[in-house]
Amino acid sequence: MTSTLRKYLAATLGVAVLLTAEVVPAIAQPAGPSPVEQLRRDTEAIHALGVSVCRPA
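My aim in this report is to walk through the structure given alongside it, one point at a time. Just so it is clear, the model here is predicted, and its values are computed rather than measured. (Residues numbered from 1 in each chain as written. Predicted model: local features only at pLDDT ≥ 70, side-chain atom pairs only at ≥ 80, totals over all residues. Heavy atoms only, no water.)

Concerning the overall build of the protein
Inference 1: What the protein contains, in helices and strands, is two helices and zero strands.
Inference 2: Across the 57 residues that make up the protein, the buried fraction comes to 0%.
Inference 3: When the accessible area of the protein is evaluated, it comes to approximately 5400 Å², of which 68% is carbon and sulfur surface. (Helix = DSSP H or I, 4+ residues; strand = E, 2+ residues; numbered from the N terminus. Buried < 20%, exposed > 50% of the residue type's maximum accessible area, 1.4 Å probe, protein only. Areas by Shrake-Rupley, 256 points an atom, 1.4 Å probe, with all protein chains shown as cover.)

Written out as structure tokens, the structure reads:
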């Protein structure tokens, strides 16, 4: 192999490694909680603060 070809292959491999290092964690991260789950968490947080439910008479 010529020196230029080796440099080209090394650069290509380097770019591929960098792209893989950036893409894989982005795919692996879970999506946020569903709207229902978020509402449940928010409701529990409000109750934890001592706010009670107000119901009309």
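From this point, the discussion proceeds with the structure in view.
What about helix α2 (residues 35-48)?
Inference 1: Here α2 is 14 residues long and its end C-alpha atoms lie 20 Å apart, about the 20 Å a rise of 1.5 Å per residue gives.
Inference 2: Where α2 ends, the next residue or the one after it, Gly 50, has phi of about 100°, a positive value. (Expected span 1.5 Å × (residues − 1).)

Quick notes on the pattern of salt bridges
Inference 1: Applying the stated criterion across every chain yields a total of two salt bridges.
Inference 2: Across the pair Glu 37 and Arg 41 runs a salt bridge, and its minimum N-O distance is 3.4 Å. On the criterion of helical spacing, the pair formed by Glu 37 and Arg 41 is a turn pair, its members being four residues apart in helix α2.
Inference 3: Residue Glu 37 is classed as partly exposed on the basis of its relative accessible area, which comes to 28%. (Salt bridge = Lys/Arg side-chain N within 4 Å of Asp/Glu carboxyl O.)

Focus on a nonpolar patch on the surface
Inference 1: Together, Leu 5, Tyr 8 and Leu 9 line one region of the surface with nonpolar side chains, adding up to about 310 Å² of accessible area.
Inference 2: Looking at the secondary structure, you find Tyr 8 in helix α1 (residues 3-28).
Inference 3: For Tyr 8, a relative accessible area of 57% gives the class exposed. (Patch = residues over 30% accessible without salt bridge, like charges linked within 9 Å, V, L, I, M, F, W, Y side chains within 5 Å.)

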